[in-house]
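So you can see what is in the structure, the chains are spelled out below.
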Amino acid sequence: QVQLVESGGGLVQAGGSLRLSCAVSGRTFSSYAMGWFRQAPGKEREFVAAVAVNGGIRYYSDSVRGRFTISRDNAKNTVYLQMTSLLPEDTAVYYCSADLASNPVVAPRTWREYEYWGQGTQVTVSS
């Protein structure tokens, strides 16, 4: 069973930064494409960022590109989301997701494509 546990969420003021972590159980982390999604109350879950098995292949939504950075550390079975220049509209529950990759140089960018999900961590950006 693959389990994902997010951490690092919290309250931060606009313009601040926060780093989210997602620890993945098992020995197959390096075989998974990893993604971050977020969902605000009453809103649809939206794509934030993703990284392929090849960690150099990364994707970002237009709303976070240039502010957020996704990375992975295979030795720690962990994926990170470094968030800077946070805005109130970034407030949401952030979910980590994993998908067993068939192509090491791509990563899904829709939530329906991901097989495993964490329980989420709350990020609140005050204004």
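Please refer to the structure placed before this passage.
Cut-off values and rules
- Residues numbered from 1 in each chain as written.
- Predicted model: local features only at pLDDT ≥ 70, side-chain atom pairs only at ≥ 80, totals over all residues.
- Heavy atoms only, no water.
- Disulfide = S-S within 2.5 Å.
- Helix = DSSP H or I, 4+ residues; strand = E, 2+ residues; numbered from the N terminus.
- Buried < 20%, exposed > 50% of the residue type's maximum accessible area, 1.4 Å probe, protein only.
- Phe/Tyr/Trp six-rings, centres within 6.5 Å; stacked < 30°, edge-to-face > 60°.

Some details on the state of the cysteines
Under the definition given, this model contains one disulfide. Cys22 shares a disulfide with Cys96; S-S distance 2.1 Å. In this structure, the disulfide formed by Cys22 and Cys96 twists by about -85 degrees around the S-S bond and is classed as left-handed. One end of the pair, Cys22, is in strand β3 (residues 18–24); the other, Cys96, is in strand β9 (residues 92–100), with 74 residues separating them in the sequence. With respect to class, Cys22 is no different from Cys96; both count as buried.

Here we look at the packing of aromatic side chains
Evaluation of the coordinates by the stated rule reveals five aromatic pairs. Summarising the aromatic geometry, the rings of Tyr32 and Tyr116 are spaced 6.0 Å apart at their centres and angled 80 degrees between planes, so their arrangement reads as edge-to-face. One end of the pair, Tyr32, is in strand β4 (residues 32–39); the other, Tyr116, is in strand β10 (residues 116–117), and 84 residues separate them in sequence. We classify Tyr32 as buried; its relative accessible area is 6%. Relative to Trp117, the ring of Tyr114 has its centre 6.2 Å away and its plane inclined at 70 degrees; by these criteria the two rings are edge-to-face.

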